[in-house]
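# Residue-level structure breakdown
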Amino acid sequence: MSPDILIAIIGFAAASSITPGPNNLLVMTSGLNHGVGASLPLVAGISFGFAFMVLAVGFGLGAVIQTHPGLHTATKAAGLGYMLWLAWKVATAPVTLDARSSTGSDDTRPLSAIAGAAFQWVNPKAWAIALSATAAFSTPGAEPHRLFWLAAIFAVVALAALTVWAAFGGVMRAMVDNPRAIFAFNLTMALLLVASAAPMAYDLALDISRIG
């Protein structure tokens, strides 16, 4: 891989990973509610889960889904449902000033690495980035090692970018010292997640209307 392509991939990955999106909102919310350390499994799950998604899309999964309308619609429906469920979890998360522990009930623990990885498959921004990256930096019949390089670069860059977002949430936690303010923050993040799912809901409604 030439230095020019490598720099282009790193720049694309950095711009995609650091800009606001569902992943960043989840990580920042986790950093505020649970602290940076307890949020690192979520950060790792998102980063490596997305890297695996890039590989899968690059090896043809994206084309399979796009060329099968029924499967495409089912994927959108599952994605919309999961994002709305996550928004509900964020909005109704118990708020305590010492909620930095990764132990406790399911409602007080941060999202796991597995949940973060699974979220990539229903995250519209992740799909858009994976499709764009594989189209821009990989071609049909290209050597498989280029796809592995692409996925590895995204994993490393996403780890760094999402850790920054978790740290930002941790800093906000230190500044916010009352449960009411934390609840307002969680509710705002939940509403932003719902807003980010709006385009998917619109596309799904169009698909259903065509079927009908």
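In this report, we go over the structure that sits alongside the text. (Residues numbered from 1 in each chain as written. Predicted model: local features only at pLDDT ≥ 70, side-chain atom pairs only at ≥ 80, totals over all residues. Heavy atoms only, no water.)

A tally of regular secondary structure across the protein chain gives 10 helices and zero strands. Expressed as a percentage of contacts within the protein chain between residues at least 6 apart in sequence, the contacts between residues at least 24 apart total 85%. Split by element, the accessible area of the protein chain, about 10,400 Å² in all, is 73% carbon and sulfur. (Helix = DSSP H or I, 4+ residues; strand = E, 2+ residues; numbered from the N terminus. Contact = heavy atoms within 4.5 Å. Areas by Shrake-Rupley, 256 points an atom, 1.4 Å probe, with all protein chains shown as cover.)

Our focus in this paragraph is helix α1 (residues 3-18). An α-helical turn contains 3.6 residues, so a residue and the one three or four places further along point in the same direction. An ideal rise of 1.5 Å per residue puts 22 Å on 16 residues; α1 measures up with 22 Å between its terminal C-alpha atoms. Every buried residue of α1 is listed here: Ile 9, Ala 13, Ser 16 and Ser 17. Down the axis of α1, the smallest arc covering the buried residues is 90 degrees, so these residues share one side. Along α1, exposed side chains directed more than 90 degrees from the buried face belong to Pro 3, Asp 4 and Ile 7. Against α2 (22-34), α7 (124-137) and α8 (144-175) lie the buried residues of α1. (Expected span 1.5 Å × (residues − 1). Buried < 20%, exposed > 50% of the residue type's maximum accessible area, 1.4 Å probe, protein only. Arc of directions from axis to C-beta.)

Our next topic: the packing of α2 against α8. Where α2 meets α8, the axes come as close as 7 Å, and the angle between the chain directions of the two elements is 40 degrees. As the angle between them shows, α2 and α8 are arranged oblique. Between α2 and α8 lies a crossing whose hand is right-handed. Across the interface between the two elements, Asn 23, Asn 24, Val 27, Met 28, Gly 31, Leu 32 and Asn 33 from α2 touch Leu 162, Trp 165, Ala 166, Phe 168, Gly 169, Gly 170, Met 172 and Arg 173 from α8. Its residues assigned to classes, the contact of α2 with α8 shows eight nonpolar, six polar and one charged. (Axes fitted to C-alpha atoms, helices over the stretch in contact; angles between N-to-C directions. Parallel < 35°, antiparallel > 145°, perpendicular 65-115°, else oblique. Left-handed = near helix turned anticlockwise from the far one by under 90°. Nonpolar A, V, L, I, M, F, W, Y, C, P; charged D, E, K, R; others polar.)

For the structure on display, the rule yields one cavity of 30 Å³ or more. Roughly 170 Å³ of volume is contained in the largest cavity. If you trace the largest cavity, you find 17 residues lining it, with Ser 16, Ser 17, Asn 23, Phe 50 and Ile 129 closest to the centre. Secondary-structure elements contributing two or more residues to the lining of the largest cavity are α1, α2, α3 (36-58), α7 and α8. A per-class count over the lining of the largest cavity returns eight nonpolar, eight polar and one charged. (1 Å grid on protein atoms, 1.4 Å probe; cavity = no way out; pocket = protein on both sides within 12 Å on 5 of 7 lines; lining within 4 Å. Points joined across faces, edges and corners; volume = space filled by probe spheres on them.)

What follows concerns the environment of Ile 114. Tracing the backbone shows Ile 114 in helix α6 (residues 113-119). A sequence separation of 70 residues divides Ile 114 from Ala 44, and the C-alpha atoms of the two residues are 9.3 Å apart.

Below, the discussion takes up the environment of Thr 73. For Thr 73, the position within the fold is in helix α5 (residues 69-91). On the accessibility criterion, Thr 73 (14% relative accessible area) is buried. Taking the C-alpha atoms as reference points, Thr 73 and Ile 208, separated by 135 residues in sequence, lie 8.0 Å from one another.

All right, on to the packing of α3 against α8 then. Contact geometry of α3 with α8 gives a least axis separation of 8 Å together with a crossing angle of 155 degrees. Here α3 lies roughly antiparallel to α8, going by the angle between them. The two elements α3 and α8 meet at a crossing, and its hand is right-handed. Taken together, the residues of the contact of α3 with α8 break down into 21 nonpolar, five polar and no charged.

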